[in-house]
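Residues per chain, in single letters:
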Amino acid sequence: MKKPVTALADFPRRVFVQREAWDYPLTERILERLGPRFEIIDNPEVIREELASFRDPIAAGKKILYLATQKGKFVKACPCSSRVISCGYFVINSVLGCPLDCSYCVLQAYLSDPWITVFVNEADLELSLKPFLLSAKLSGFRVGTGELADSLALEPLTGQAARLSFLFQHSRQAILELKTKTVFIEPWLDLPPSLQIVFSWSLNAESIAQEEEKGAAPVVDRIRAASQLAQRGYGVGFHFDPLIYFENWEKEYESVIRRIFSSLAAPSIRWISLGALRFPVAFRPIIRARFPHKPIFAGELVLGRDGKWRYFKPLRLKIFSTILEMIRSYGGENIPLYLCMEDEEVWQLVLKKKPEGKKDFRTLFVLPVN
Amino acid sequence: MELATVSVDLINFQEKKFKLAPLIYYESLLSSLRRVGLISPPLLKEEEAGLVIVSGWKRVLACRELRMKTIPAFVASSGTSDLELLTRALEENLYTRPLSLAEKAEAVDRLRRYGLAEERIIAEYLPRLSLPAKYQFFELLLRVAESNDQSWKEFLHQTEVPLEALDLLLSFLPEERKLLYPYLQVLSFSRRREMIFNLQAIAVREKLAIPEILKQGETEAIYGPALSEPRRQAEALAQWLRKRRYPLMTAWEEEWQKAKKTLDWPEEIHLASDPSFESGELRVSFSCRSAEEFLAQLEKLRPIALKPGFRRLFRRSL
């Protein structure tokens, strides 16, 4: 396997193994790759205490790997927000936390602990995925590992995405989405593609990516990786999320969109989502402590009724409409497009339609365009 | 430690190692002392250079002002550690009043200097000081204590500043902070907080230093003679900063108010929009005591709803 790059170069600095997780094959595989420097602990209180003495426990936590067993549900409905249209997504909680350090990432507030937890009880995970894999009634049903983690950031270490994609190759209807800001795609370059596996990249304006997405691959590399997989027949997706309103936003986003459509054939793009910068109230103190001088948080963000800070609504409408127009004009007229965490009004004003329910939503993703 | 009668002349007022407050006002105590004398003895420590005040600075200074020759006091022997005495003083203070941020900063700094481990200060003392038990707050307080800017400490002693705004204020230069004190001191707690956050956001977004923002052309009217009263000046500045911070939303608010004004909306019927304009809903409320009153209010609203200006209240995009 190629030497890990970007965020993984110095990850992990510390490894803790829950005693209960010791006997699992995934633990063995990971520790084989990492070498003998790890500590076995009974519970993560030890890590919590250690991190309490750090000025920036979140940054310190991102260098810690914790191997544990998942006691809760592996698959859950994506935690959306109240008063908005949910896209009916499901999340596989096999990893919690991400070694990339994106300033705007709400996981900093959402996850109770800042370290990276890998759940090693793969057999239980596979068991909980079985109903989704076998059901013939789940057309357009999407499930992914990229909500509480980056789907591929730990791939050189865990090989978990490769294993999941192997399972989903045999899925009857459900689609596995592997969402990332990295370019760890090597395992799939020589594998036959499957319609049930979609690789997607979170994209942003290049200057925002450079400034705010510490450890992530450059945007051009992400698009190149998408193009490589698309050429091999895989479906790909893009998430312009979070869209940021800054001085040159139109020019910079247009440049990314132009690059996408000059690098990939539109039919290989299974979906594109748009989401504007937003974060919960609990995220504010984190910004103030970690990124007090970042201009992206000094935009015209107002507190909405769902307890989230977002751009003033008319501004969001302008951003979404502009980006949508760009996507359509560069060749994405037929690509399914959706908005993340937006209400009916925004859907209507931007997309001139709104899904009537989760089922209706899924029809967006049923089959690749073309 | 024993209760003794000590000579005020033997107290070493120069030694301030237990003094936490940067400013001490004891005037209000004078009349009480004149009436009933010193009820609660201060705590002093015996040292080579005289008796050192551990707690009760106000009381001792007031007694000196009244030219009392002797006062009752608890006296700790020279063998008692500074850490032990400081923790006693701290407990006594916490029992009687909330400490200012400046005092909390001094307390944390001295606990550390007198040998208490950082982890214990964070785990045990920060919660006692009503602060989260996190390293970042410990460090924040140390930065306040280590500052040589006396006016900054005095400001923090007199003015309650939200903890999350303290870090931002610390990131301003001392000269920048000084410019703000007169305004921040007269504003309410929430307005003060809003002003600090708005200033910082404008500074970050527009890449301007605080004095540059405060000296913008539009602010001339705020500092001019028309608004000579400090509170009105501070309110006007806060308002101007909000407008600068949220140009679109405040323009929207103004337009909404303008549209409402053209409708001659009855005062007794309350009309409100969602403060963030996130939802397009308007909220209309009034009170009534009978069906007739209810219908009368509706009758007032009907012609208003038919005016073209009414639709402007529902505007949704730029």
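Structural notes, computed from the coordinates.

Reading the values: the criteria
- Residues numbered from 1 in each chain as written.
- Chains lettered and ligands numbered in written order.
- Predicted model: local features only at pLDDT ≥ 70, side-chain atom pairs only at ≥ 80, totals over all residues.
- Heavy atoms only, no water.
- Helix = DSSP H or I, 4+ residues; strand = E, 2+ residues; numbered from the N terminus.
- Rg over C-alpha atoms; globule rule 2.2 N^0.38 Å.
- Buried < 20%, exposed > 50% of the residue type's maximum accessible area, 1.4 Å probe, protein only.
- Contact = heavy atoms within 4.5 Å.
- Lys, Arg positive; Asp, Glu negative; His and termini not counted.
- Charge placed at Lys NZ, Arg CZ, Asp CG, Glu CD.
- Areas by Shrake-Rupley, 256 points an atom, 1.4 Å probe, with all protein chains shown as cover.
- 1 Å grid on protein atoms, 1.4 Å probe; cavity = no way out; pocket = protein on both sides within 12 Å on 5 of 7 lines; lining within 4 Å.
- Points joined across faces, edges and corners; volume = space filled by probe spheres on them.
- Nonpolar A, V, L, I, M, F, W, Y, C, P; charged D, E, K, R; others polar.
- Polar contact = N/O pair within 3.5 Å; in protein donor to acceptor, adjacent residues only side chain to side chain.
- Pairing = 2+ DSSP bridges.
- Axes fitted to C-alpha atoms, helices over the stretch in contact; angles between N-to-C directions.
- Buried area = accessible area lost by both parts, 1.4 Å probe.
- Salt bridge = Lys/Arg side-chain N within 4 Å of Asp/Glu carboxyl O.
- Parallel < 35°, antiparallel > 145°, perpendicular 65-115°, else oblique.
- Patch = residues over 30% accessible without salt bridge, like charges linked within 9 Å, V, L, I, M, F, W, Y side chains within 5 Å.

1. What to know about the overall build of chain B
Move 1: Of the regular secondary structure elements, chain B holds 16 helices and six strands.
Move 2: For a compact globule of 318 residues, the expected C-alpha radius of gyration is about 20 Å, and chain B comes in at 28 Å, more than 25% above that figure.
Move 3: The principal-axis extents of the C-alpha atoms in chain B amount to approximately 85 × 50 × 45 Å.
Move 4: The buried share among the 318 residues of chain B stands at 49%.
Move 5: Of all intrachain contacts in chain B linking residues separated by at least 6 positions in sequence, the fraction that spans at least 24 positions is 69%.
Move 6: Distance between charge centroids for chain B: 4 Å, based on 48 positive and 46 negative side chains.

2. Quick look at the overall build of chain A
Move 1: When you go through chain A residue by residue, the secondary structure sums to 15 helices and 18 strands.
Move 2: Taken over the C-alpha trace, chain A has a radius of gyration of 20 Å; the compact-globule value for 370 residues is 21 Å, and the two agree within 12%.
Move 3: Over its C-alpha atoms, taken along the principal directions, chain A stretches across nearly 55 × 45 × 35 Å.
Move 4: When burial is assessed residue by residue, chain A has 59% of its 370 residues classed as buried.
Move 5: Here the analysis covers contacts within chain A between residues at least 6 apart in sequence; of these, 75% occur between residues at least 24 apart.
Move 6: When the accessible surface of chain A is summed, it comes to about 15200 Å², and 53% of that surface belongs to carbon and sulfur atoms.
Move 7: The averaged location of the 42 negative side-chain charges in chain A is 3 Å from the averaged location of its 49 positive side-chain charges.

3. Observations concerning the layout of surface pockets
All names here are of chain A.
Move 1: Reported here for the second largest pocket is a volume of approximately 990 Å³.
Move 2: Taken together, 41 residues form the lining of the second largest pocket, with Val106, Glu147, Lys179, Asp241 and Arg278 sitting closest to its centre.
Move 3: Of all the secondary structure elements, the ones that give two or more residues to the lining of the second largest pocket are α4 (107-110), β10 (175-180), β13 (235-243), β14 (269-276), β15 (278-280) and β18 (337-339).
Move 4: For the lining of the second largest pocket, the per-class residue count stands at 25 nonpolar, seven polar and nine charged.

4. Describing the side chain of A:Asn121
Residue and element names in this part refer to chain A.
Move 1: If you trace the backbone, asparagine 121 turns up in the loop between β8 (116-119) and α5 (122-134).
Move 2: A distance of 2.9 Å separates the side chain of asparagine 121 from the side chain of aspartate 124, its partner in a polar contact.
Move 3: In this structure, asparagine 121 is in contact with Tyr24, Ala68, Thr69, Gln70 and Phe74, ignoring residues within four places of it in sequence.

5. Focus on the sheet that holds β13(A)
Hydrogen bonds between backbone groups are what pair the strands of a sheet, and the pairing can be parallel or antiparallel.
Residue and element names in this part refer to chain A.
Move 1: If you walk across this open sheet you meet the eight strands as β4-β5-β9-β10-β11-β13-β14-β18, and the pairing is mixed. Whereas interior strands pair on both sides, the edge strands pair on one side only; in this sheet they are β4 (75-77) and β18. Between one strand axis and the next, the sheet turns by 25° as a mean value, whatever way the strands run.
Move 2: Sheet analysis places strand β11 (residues 197-203) next to β13, joined by six bridges and oriented parallel. Paired with serine 202 across the bridge in β13 is histidine 239.
Move 3: Against the sheet, helix α7 (residues 160-168) touches β5 (90-92), β9 (142-144), β10 and β11, its axis set at about 155° to β10.
Move 4: Across the sheet, helix α11 (residues 249-263) lies against β11, β13 and β14, angled at about 180° from β13, the strand it touches most.

6. Looking at the interface of chain A and chain B
Move 1: Every contact between the two is made by 32 residues of chain A and, on the other side, 28 residues of chain B.
Move 2: For the pairing of chain A and chain B, the buried interface totals around 2500 Å² over both sides, and the portion due to carbon and sulfur atoms is 56%.
Move 3: On inspection of chain A and its partner chain B, the count reaches four salt bridges.
Move 4: Between A:Arg316 and B:Glu278 there is a salt bridge, and its shortest N-O distance comes to 2.5 Å.
Move 5: Our count for the contact surface shared by chain A and chain B stands at nine residue pairs in polar contact (both at pLDDT 80 or more).
Move 6: Of all the secondary-structure elements, those providing two or more residues to the side of chain A that touches chain B are α12 (284-290), β16 (301-303), β17 (308-311), α13 (313-332) and α14 (344-351) of chain A.
Move 7: Among the elements that take part in the side of chain A that touches chain B, α13(A) stands out by supplying six residues, more than any other.
Move 8: Of the residues assigned to the side of chain A that touches chain B, the class counts are 16 nonpolar, four polar and twelve charged.

7. Regarding the pattern of salt bridges
Residue and element names in this part refer to chain A.
Move 1: Scanning all chains against the criterion turns up 53 salt bridges over all chains.
Move 2: Across the pair arginine 163 and glutamate 126 runs a salt bridge, and its minimum N-O distance is 2.7 Å. Of this pair, arginine 163 sits in helix α7 while glutamate 126 sits in helix α5; the two residues are 37 residues apart in sequence, bridging distant segments of the chain.
Move 3: Judged by its relative accessible area of 34%, arginine 163 falls in the partly exposed class.
Move 4: For aspartate 343, the salt bridge identified is with lysine 313, shortest N-O distance 2.6 Å. Remark: lysine 313 occurs in helix α13 and aspartate 343 occurs in the loop between β18 and α14; sequence separation between them is 30 residues.

8. Points about the packing of helix α13 (residues 230-245) of chain B against helix α14 (residues 247-262) of chain B
Residues and elements named next belong to chain B.
Move 1: Close contact between α13 and α14 brings their axes to 5 Å; oriented N to C, the two are set at 110°. Viewed along their axes, α13 and α14 adopt a mutual orientation that is roughly perpendicular. Contact with α13, carried on its side by Arg242, Lys243, Arg244 and Arg245, involves Pro247, Met249, Thr250, Glu253 and Glu254 of α14 and no other residues of that element.
Move 2: For the contact of α13 with α14, a count of residues per class yields two nonpolar, one polar and six charged.

9. Describing a nonpolar patch on the surface
All names here are of chain B.
Move 1: On the surface, Met1, Leu3 and Phe74 cluster together into a nonpolar patch covering about 300 Å² of accessible area.
Move 2: In this fold, phenylalanine 74 is placed in strand β4 (residues 70-76).
Move 3: By relative accessible area, which is 33% here, phenylalanine 74 ends up partly exposed.

10. Examining the sheet that holds β16(A)
Residue and element names in this part refer to chain A.
Move 1: One open sheet holds the three strands; their spatial order is β15-β17-β16, and the pairing between them is antiparallel. Two strands in the sheet have a free side with no partner beyond their single neighbour: β15 and β16. Taking the axes of each pair of neighbouring strands and ignoring which way they run, one obtains an average angle of 25° across the sheet.
Move 2: Strand direction decides the pairing type here: β16 and β17, joined by three bridges, are antiparallel.

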